[in-house]
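# Overview (structure and organization)
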Amino acid sequence: MAAFRAEFAKSKHVVVLTGAGISAESGVPTFRGAGGFWRKWQATELATPEAFSQNPSLVWEFYHYRRQVMLSKEPNAAHVAIAECEARLAKEGRRLVVITQNIDELHARAGSKNVIELHGSLFKVRCSNCGEVTVNKDNPICRALSGKGAPDPEAVDARIPVDQLPRCKVGGCGGLLRPHVVWFGEQLDDRVLSQTTDELHKCDICLVIGTSSVVYPAAMFAPELAMRGITVAEFNVEETPATQSFGYHFQGLCGSTIPQAVAP
């Protein structure tokens, strides 16, 4: 850790890549692997354009549940340490930017200002008709979803009529809203990818936190930095497919390793 901290102290442009592992420590479900089910489905079955086209009511129940869950979750020590570090470095004329695969907004809630959300946000919606993206923190997002979305495998699907699901309120559009998240099978937003590429190009040290390094294209970001000779430190509860390509690997809970790593 001392060797990493010495390198970190000299850095001017820090990129922090985060995945589900950092939020899992706040109690956020990952919907991956054993036990990662909502009712009888995994996220890979519901977070797709096809699922939304076939059963928008079911997909909105799933996302309503996820939005509800986040109301009871708070940023953990790792989120807070990253936000405090960003503020401290800014006063020194240095830059720290978070590039996250998470859609829970916990980085922003912890106080991070420079956040690129690769996969969108649970609290933004996009109209499937006019394409307008808006912030939406209504709870519930529509009256018909009130009390719906229970994760119990025995729960009965609400089968909400499509005209009662969240609708666009921009200029009388009325189109069906969808979560503004990148679903399986969809491409990242070009502007988000361009921002990300720019930050990675300027970066002189990278922290990879709580990511399995298997979801592309994000899985390639840190290994490509390492190939360019940029210092990369991985923080995870276990080794990942990319661990061997990084200069540092700190095993353990992010809530304990990250505050040590980025402390003044």
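Summarised in this report is the structure supplied together with it. Just so we're clear, the structure is a prediction, and the values are computed from it rather than from any experiment.

What follows is about the packing of helix H1 (residues 2-10) against helix H10 (residues 254-262). It is at 9 Å that the axes of H1 and H10 come closest, and there the two elements cross at 55°. Our classification of the angle between H1 and H10 gives oblique. Here H1 contributes Phe4, Arg5 and Phe8 to the contact with H10, which in turn contributes Gln260, Ala261 and Val262. Across the contact of H1 with H10, the residue classes tally to 4 nonpolar, 1 polar and 1 charged.

So, about empty space enclosed by the protein. By the definition in use, this model includes 3 cavities of 30 Å³ or more. The wall of the largest cavity is formed by 13 residues, among which Leu17, Gln101, Val208, Thr211 and Ala218 lie closest to the centre. Broken down by element, the residue count for the lining of the largest cavity peaks at 5 residues, all from helix H9 (residues 218-227). Counted by class, the lining of the largest cavity contains 9 nonpolar, 4 polar and no charged residues. Of the voids in this model, the second largest cavity is the one considered here, and its volume is about 50 Å³. Around the second largest cavity sit His64, Arg67, Gln68, Leu71, Phe123, Lys137, Asp138, Asn139 and Ile141, which together line it. The dominant element in the lining of the second largest cavity, judged by the number of residues it contributes, is helix H5 (residues 56-70), at 3 residues.

With that settled, consider the packing of helix H6 (residues 77-91) against H10. Helix packing geometry: the angle between the two helix axes and the distance between the axes. At their nearest, the axes of H6 and H10 sit 7 Å apart, and the two run at 15° to each other. In terms of axis orientation, H6 runs roughly parallel to H10. The element H6 and its partner H10 pack so that their crossing is left-handed. The segment H6 lies against H10, with Ala77, Ala78, Ala81, Ile82, Cys85 and Arg88 engaging Cys254, Gly255, Ile258, Pro259 and Val262. Residues belonging to the contact of H6 with H10 are distributed by class as follows: 9 nonpolar, 1 polar and 1 charged.

Here we take up the pairing of strand E8 (residues 231-236). Taking burial as the measure, the 6 residues of E8 include 6 buried ones, the bulk of the element. A two-sided burial pattern is seen for E8, the buried positions comprising Thr231, Ala233 and Phe235 on one face and Val232, Glu234 and Asn236 on the other. As paired elements, strand E7 (residues 205-209) and E8 share 5 bridges and run parallel to each other. Bridging from a neighbouring strand, valine 208 pairs with glutamate 234 of E8. Handedness of the crossover joining E7 and E8 through H9: right-handed.

Reading guide: rules and limits
- Residues numbered from 1 in each chain as written.
- Predicted model: local features only at pLDDT ≥ 70, side-chain atom pairs only at ≥ 80, totals over all residues.
- Heavy atoms only, no water.
- Axes fitted to C-alpha atoms, helices over the stretch in contact; angles between N-to-C directions.
- Helix = DSSP H or I, 4+ residues; strand = E, 2+ residues; numbered from the N terminus.
- Parallel < 35°, antiparallel > 145°, perpendicular 65-115°, else oblique.
- Contact = heavy atoms within 4.5 Å.
- Nonpolar A, V, L, I, M, F, W, Y, C, P; charged D, E, K, R; others polar.
- 1 Å grid on protein atoms, 1.4 Å probe; cavity = no way out; pocket = protein on both sides within 12 Å on 5 of 7 lines; lining within 4 Å.
- Points joined across faces, edges and corners; volume = space filled by probe spheres on them.
- Left-handed = near helix turned anticlockwise from the far one by under 90°.
- Buried < 20%, exposed > 50% of the residue type's maximum accessible area, 1.4 Å probe, protein only.
- Pairing = 2+ DSSP bridges.
- Right-handed = clockwise from strand over helix to strand, strands pointing away.

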